[in-house]
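Each chain, letter by letter, is given below.
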Amino acid sequence: MTKVLIFGHKNPDTDTICSAIAYAELKNALGVNAEPVRLGNVSGETQYALDYFKVEAPRLVETVSNEVEEVILVDHNERQQSASDIDKVRVVEVIDHHRIANFETSHPLYYRAEPVGCTATILNKIYKEKGVAIRKEIAGLMLSAIISDSLLLKSPTCTDEDVAAAKELAEIAGVNLDSYGLEMLKAGADLSDKTINELISLDAKEFQMGDYKVEIAQVNAVDINDVLGRQAELEDALSGVIADKGLDLFVFVVTDILNNDSVALALGKVTNAVEQAYNVQLVDNKVLLKGVVSRKSQIVPVLTETLKKL
């Protein structure tokens, strides 16, 4: 049987890793030879979930066309966020909850995108539709994905469907949603051992916004000053990335998981887009964004619309 690889975006977050594992398990139960893989390092938050539920991380791959002819994408669809050789394989399925951009295929495919807070929420539905029971460990990983993407059900991206799925999965996994979720988020917010380069690449995504090339990185913190106290080093590193990739804008977002606010550090040729988008003024290249915690719904769409008008 021909094998298919399942993976999420580069610089994988908890949803990317856990959804790849969960969907590969379902596909195998349905008779498909599927293997979850990853395109980057596992974060501290994700490792906490994997360790808690005693599941191994997917193996790391640099390319996919040297192994398979067909792949399944989870938690992303934009080609610049995917495997470097994604154009050399056939994408047969996509399970996602983001905008659709820079994506086309030469063959029909199964594409499922829903405006929910997490890919794992969609997978929970698919498990039910296929009549396959979710194992305790897999339920725990899917729960972890929802907690991560919704900031423990507090993000504006969180829907009633995410809440319902999280409660169902917590019961199957045998954990208290709130206490487990807080410990997992705290594990991800411990940035004390991270280098500057790790900080700006832990959860970074590239976007094409109109005529502009933008990268947005986000980290969660209990105390944002632990990160912003290194601003000079951060700016040096961000400037290097901007030069190397030819970016027009790099926005580094530090999110306070306790207060649900963020501080954005913006560098590049069009930092005025951040000011226009949020009606704020950058001071020392940074600004407080009250109530902003979601890159997907509160940053990417707003910046995209602003940059299209520049």
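Look above for the structure.
In this section: the overall build of the protein. Of regular secondary structure, the protein possesses 11 helices and 11 strands. Radius of gyration (C-alpha) of the protein: 19 Å, near the 19 Å computed for a compact globule of 310 residues. Principal axes of the C-alpha set define a box for the protein whose edges measure 55 × 45 × 35 Å. Residue burial in the protein is summarised as follows: out of 310 residues, 56% are buried.

So, about helix H1 (residues 14–29). The end-to-end C-alpha distance of H1 is 23 Å, a good match for the 22 Å that 16 residues give at a rise of 1.5 Å each. Among the 16 residues of H1, 13 are classified as buried, and the element is accordingly described as predominantly covered. Looking at where H1 begins, the residue whose side-chain oxygen comes 3.4 Å from the main-chain nitrogen of Asp15 is Asp13. In the segment just after H1, Gly31 is the residue with positive phi, at about 95°.

It helps to recall that an α-helix has 3.6 residues per turn; residues three or four apart then point in one direction. With 13 residues, helix H6 (residues 177–189) extends 18 Å from end C-alpha to end C-alpha; this agrees with the ideal 18 Å at 1.5 Å per step. Here H6 has its buried residues at Leu177, Tyr180, Gly181, Met184, Leu185 and Ala189. Here the buried face of H6 lies against helix H2 (44–52), helix H4 (136–150), helix H5 (160–173) and strand S8 (212–221). In this structure Asn176 caps H6, since a side-chain oxygen of it lies 3.1 Å from the backbone nitrogen of Asp178.

Under the criterion given, the structure shown has 20 salt bridges. With a closest N to O distance of 2.8 Å, Arg99 and Glu78 form a salt bridge. With a gap of 21 residues between them, Arg99 in the loop between strand S5 (90–96) and strand S6 (110–113) and Glu78 in the loop between strand S4 (70–74) and S5 connect regions that are remote in the sequence. A salt bridge links Glu114 to Lys125; its shortest N-O distance comes to 2.4 Å. Linking Glu114 in the loop between S6 and helix H3 (119–130) with Lys125 in helix H3, this pair joins segments that are 11 residues apart in sequence. For Lys125, a relative accessible area of 24% translates into the label partly exposed. Connected via shared salt-bridge partners are Arg112, Glu114, Lys125, Glu129 and Glu161.

Another point: the sheet that holds strand S9 (residues 249–256). What links the strands of a sheet is backbone hydrogen bonding, and the strands pair in either a parallel or an antiparallel sense. Read from one edge of the open sheet, 5 strands run S7-S8-S9-S10-S11, paired in mixed fashion. Looking at strand neighbours, the two that pair on one side only are strand S7 (204–209) and strand S11 (286–289), the edges of this open sheet. Strand-to-strand twist in this sheet, taken as the mean axis angle between neighbours without regard to direction, amounts to 25°. Examined bridge by bridge, S8 and S9 share 8 bridges and lie parallel to one another. Considered in S9, the bridge of Gln218 is made with Val253.

With respect to the helices and strands, the residue Lys205 is situated in strand S7. Although Lys205 is buried, it forms no salt bridge, and the closest oppositely charged side chain is Asp75 at an N-O distance of 5.1 Å. Here the side chain of Lys205 touches His98 through a polar contact of 3.4 Å, side chain to side chain. When residues no more than four places from it in sequence are discounted, the contact partners of Lys205 are His9, Gln81, His98, Val214, Glu215, Ile216 and Arg295.

Together, Leu182, Val222 and Leu258 line one region of the surface with nonpolar side chains, adding up to about 230 Å² of accessible area. Note that Leu258 resides in the loop between S9 and strand S10 (261–268).

It is worth spelling out the sheet that holds strand S3 (residues 59–60) at this point. An order of S3-S2-S1-S4-S5-S6 is seen for the 6 strands of this open sheet, with the pairing classed as parallel. On the outer flanks of this sheet lie S3 and S6, each paired with one strand and no other. Of the strand pairs in this sheet, S5 and S6 are connected by 4 bridges, and their pairing is parallel. Looking at S6, one finds that Ile95 is bridged to Arg112. Seen against the sheet, H1 touches strand S1 (4–7), strand S2 (34–38), S4 and S5 and runs at an angle of roughly 170° to S2.

Moving on to the environment of Asp203. Of note, Asp203 is situated in the loop between helix H7 (196–201) and S7. Accessibility expressed as a relative area gives 15% for Asp203, which makes it buried. Put simply, Asp203 and Ser43 are 160 residues apart on the chain and 8.7 Å apart in space, counted from C-alpha to C-alpha. Apart from the residues lying within four places of it in its own chain, the contact partners of Asp203 are His9, Asn11, Asp13, Ile216, Ala217, Gln218 and Arg295. At a separation of 2.7 Å, a polar atom in the side chain of Asp203 contacts the side chain of Arg295.

Cut-offs used in this document
Residues numbered from 1 in each chain as written. Predicted model: local features only at pLDDT ≥ 70, side-chain atom pairs only at ≥ 80, totals over all residues. Heavy atoms only, no water. Helix = DSSP H or I, 4+ residues; strand = E, 2+ residues; numbered from the N terminus. Rg over C-alpha atoms; globule rule 2.2 N^0.38 Å. Buried < 20%, exposed > 50% of the residue type's maximum accessible area, 1.4 Å probe, protein only. Expected span 1.5 Å × (residues − 1). Polar contact = N/O pair within 3.5 Å; in protein donor to acceptor, adjacent residues only side chain to side chain. Contact = heavy atoms within 4.5 Å. Salt bridge = Lys/Arg side-chain N within 4 Å of Asp/Glu carboxyl O. Pairing = 2+ DSSP bridges. Axes fitted to C-alpha atoms, helices over the stretch in contact; angles between N-to-C directions. Lys, Arg positive; Asp, Glu negative; His and termini not counted. Patch = residues over 30% accessible without salt bridge, like charges linked within 9 Å, V, L, I, M, F, W, Y side chains within 5 Å. Areas by Shrake-Rupley, 256 points an atom, 1.4 Å probe, with all protein chains shown as cover.

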